[in-house]
Amino acid sequence: MLEDMLLKFGDPTALRVLVMLPIHTEERAEYLVRVLTEMKTRWNWQISIICADADREAYRHLTEPSGSLFNALDYSKAPHWERDPAAVARIENNLAEAERISGVPVGQLILASQQTIGCGFVLPHLNLTPTALNKSVLADNSVPDKIFLRMFGFAEEVLTAVRPDLFLAYEWQKPWRSSVWMAAARLDIPRVSIRLSKLNGDHYFWTSDRTLFNDLADDLAREKRRVKAPVSEIARGRIEGFRNRPLTVKYIREKWAMLGKKSWAKWHADWVRAMLRQAAGMSTRRGMSGRTFGQLVEYNRKILQARQDRKYFHSFDDAALSSMKYIYFPMHKETDLPMVMQAPRWHDQRNTIQVLAGALPYGYRILAREHRMNMGARPSHYYDQLTKLPNVTLIDPFGDQFDYIRNASLVVTENGSTGWEALLFKRPVIAMSRTVYDGADLSRKIVNQDEIGAEILKAISGPALVNEEEHERRLGWMLDAEIESNFPMNLDRASEGADSLERHLSGRFPDSRMAHVETQISAPKDAGAVGSSDAA
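Basis of the calculations
- Residues numbered from 1 in each chain as written.
- Predicted model: local features only at pLDDT ≥ 70, side-chain atom pairs only at ≥ 80, totals over all residues.
- Heavy atoms only, no water.
- Buried < 20%, exposed > 50% of the residue type's maximum accessible area, 1.4 Å probe, protein only.
- Helix = DSSP H or I, 4+ residues; strand = E, 2+ residues; numbered from the N terminus.
- Polar contact = N/O pair within 3.5 Å; in protein donor to acceptor, adjacent residues only side chain to side chain.
- Salt bridge = Lys/Arg side-chain N within 4 Å of Asp/Glu carboxyl O.
- Pairing = 2+ DSSP bridges.
- Arc of directions from axis to C-beta.
- Contact = heavy atoms within 4.5 Å.
- Axes fitted to C-alpha atoms, helices over the stretch in contact; angles between N-to-C directions.

By the criterion of burial, helix H16 (residues 349-357) is predominantly enclosed, with 7 of the 9 residues buried. When we look at burial in H16, the residues that qualify are Gln-349, Arg-350, Thr-352, Ile-353, Val-355, Leu-356 and Ala-357. Put simply, Asp-348 is the residue that caps the front of H16, since its side-chain oxygen is 3.2 Å from the backbone nitrogen of Arg-350.

Structure (C-alpha cells):
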C-alpha cells in the first residue's frame, strides 16, 4: 500500500509532490486536478507546480497552503548562472551524472523534441513551420544543448527548493519536462506519468517507465500466461467484435472526427478569433495564443502541397489486394511520441522503408501507407525518392486500412497500433521496437538490423509463433491485463484514478512488485465499467 512508500520518506501525512500539468483548459488537466485534490485529502500531499503564467491562478489552490508555484522557464533568456563559469561547470557535471544514472544521453532527449529544439532531425523529411526557435537551432546546431542545459539548471533549482518525494507529469517527451525527469533521476526521485491506453478506449494508466509504456499490463499478461488464467468474456467479446466490425483505435477515431469537423472556413474563422484574443492579450500580458500570419500561410501551403502530392499515391480494392504478395508498412505521424521517443532508432521512416525494401523476398512489394497528418508537410522530393526504391508502392492514407491489413502477407511496424489490429486479424507481425502489446508475445522482434531479411522470410514462409488456440488466449490475456491496469478518465470517477495511483506507487518497489501483479490477477473486475468502453 501507499503507506509503505510514505513511511519510506518519513512523514506519512506530508509527501512533497512536484507536478507539471497541461494547459488548465484541457479536460485531462481538470481530471488530474481532481485526482491531486483527492490525494491531498487522503494523504495531505504538499503539491508544488511548474506551469505557464496563464495557468497560475487555475492551479494555485492545489499548492495551498505549503506548496509553491513556479513559472515555466523562458529558455530564450540566459539564466543568472550562465555568467558564473563555476556554476556552469557544476550544472554540466550534474547533467553528465544524470545521464550515467539514467542511462539516457541528452541527444536522445533532443531527438524526442523534434517539434522544438530537435527540429534539425526532421529536416530531411518534413517542412518546418518557421518559428524563432527553429531558426535559432538550425542556424547554430550547438543551441539545442545550450537550451537543454538551461532547462536542466532550472529543474535543479526547482528540485532544490521543493525537495520533492515524487515527480508527476502527464508526459515527459517535451524538453522542459524531460529536463525535470533527468534532474529527478539523478536524485533517485520517483517519477510517474499518466497515459492513454491504446488497447482500451477511454481508459488511462499510470507508469514510471521512461518511454511511457504500461509495464504492469505486460507483467500481468505474462503472469496470466504462466498460470493459464481464464480469458474473460469481455476480452473475448471485444476480439470477436473487432473482427466482425473493425474500428480504428478510439482515440485516433476521435482525432480524425475532430479534424473532419474543421473545414477550411472554420479554420480561418478560428484563426481570426485567436488573433483578436492575442491582440487583446498583449495589452494584459495574458491569453497569448501564439497564432501568427506564418501559420495562416503554412496551413494553405499544406493544402496545395497535399493536392500536388496525390499523384504519388495508389489505392487497391480488396480483390486486387487478395491477389498480391506484399508487406504492409503503416507510417507514423512525424514527430509523434511513439516514434521519436519510444522507437528512436527508427525515427527516420524513409530509412526504415529503404531497409525493408532491401530485405524483400522475390515477388513481394512494400505497400507503405502514409499517415494523413503528414500530407502536405513533406518536401517535394520526399515521395519522389521513395517511389524510386525497388518494389515500393505508396498507399492513399484515406483508404480503408483494414483491407490492407487483412490481405497482407506480413505487417511491419515500428510500434504502431496497426500491429495489434493485425494480430487480431491473425496476420504475422514484425515489430521493430517495443509495443503496447508486447505482453502477448505474438510479434517477431528485430534484435539485429542485419538479420531483418531472415526474419521477414521466417514470418512469411515459416510456421506461426504459436498455434491458433494459443494465439487467441494470448490476445485475451493481453487485453484483460490492459483492462485490469487501466482506469476511466471520468471527471466523476477521479477517486478511481487516485486508487490506481496508490496501487502504482506501492508496486514500484522490487519487494512488492509481484505481490502487486498477483493482487491484480485475483481482484474482482468492474465488468460494467469495462464493458461500456470501446473495442480495441
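In a structure, side chains of opposite charge can pair up when their charged atoms sit close to one another. With the rule as written, the count across this model stands at 38 salt bridges. A salt bridge links Asp-492 to Arg-34, with the nearest nitrogen and oxygen atoms 4.0 Å apart. Of this pair, Asp-492 sits in the loop between strand E13 (487-488) and helix H22 (494-507) while Arg-34 sits in helix H2 (residues 27-43), and the two are 458 residues apart along the sequence. Relative accessible area serves as the criterion here: at 34%, Arg-34 is assigned to the partly exposed category. The salt bridge involving Lys-174 is made with Glu-171; its shortest N-O contact spans 3.5 Å. When sorted by exposure, Lys-174 lands in the same class as Glu-171, which is buried.

Across the 5 residues that make up strand E6 (residues 203-207), a large majority, 5, are buried. Residues His-203, Phe-205 and Thr-207 point to one face of E6 and Tyr-204 and Trp-206 to the other, with burial holding for every one of them. As paired strands, strand E5 (residues 191-196) and E6 are joined by 4 bridges and run antiparallel to one another. Residue pairing for E6: Ile-194 is matched across the bridge by Trp-206. Turn length for the E5-E6 hairpin, with the two strands adjacent in sequence and antiparallel, is 6 residues, and the turn residue Asp-202 shows positive phi of about 70 degrees. Here E6 pairs with E13 via 2 bridges, running antiparallel. Within E13, the residue paired with Tyr-204 across the bridge is Phe-487.

Time to look at helix H6 (residues 132-139). Buried within H6 are the following residues: Leu-133, Asn-134 and Val-137. Buried residues along H6 cover an arc of 100 degrees about the axis, so they all sit on one side. Across from the buried face of H6, at angles greater than 90 degrees, the exposed residues are Ala-132, Lys-135 and Ala-139. On the buried face of H6, the contacting elements are helix H7 (143-162).

Take Leu-457: it is sitting in helix H20 (residues 452-461). Counting along the chain gives 97 residues from Leu-457 to Leu-360, while the straight-line C-alpha distance between them is 8.5 Å. Other than its neighbours up to four places away in sequence, Leu-457 contacts Pro-361 and Gly-462.

Omega for the peptide link from Glu-64 to Pro-65 comes to 5 degrees, which places this bond in the cis form. Among the secondary structure elements, Pro-65 is positioned in the loop between helix H3 (56-63) and strand E3 (69-71). Its identity as a non-glycine residue notwithstanding, Arg-163 has a phi of 50 degrees, on the positive side. Relative accessible area serves as the criterion here: at 52%, Arg-163 is assigned to the exposed category. The residue Asp-441 is not glycine, and still its phi comes out positive at about 50 degrees. Considering the arrangement of structural elements, one finds Asp-441 in the loop between strand E11 (429-431) and strand E12 (444-445).

Reading across from one edge, E9-E8-E7-E10-E11-E12 is the order of the 6 strands in this open sheet, with parallel pairing throughout. Two strands bound the open sheet, and with one partner strand each, they are strand E9 (392-395) and E12. On the sheet, H16 packs against strand E7 (326-330), strand E8 (365-369), E9 and strand E10 (410-413) and is oriented at approximately 165 degrees with respect to E8.

What follows covers the sheet that holds strand E4 (residues 166-169). Pairing is mixed across the open sheet formed by 7 strands, whose spatial order is E3-E2-E1-E4-E5-E6-E13. Each end of this open sheet is capped by a strand with a single partner; those strands are E3 and E13. As judged from the 5 bridges shared by strand E1 (residues 16-20) and strand E2 (residues 46-51), these two strands associate in the parallel manner. From the neighbouring strand, Met-20 faces E2, where its bridge partner is Ile-50.

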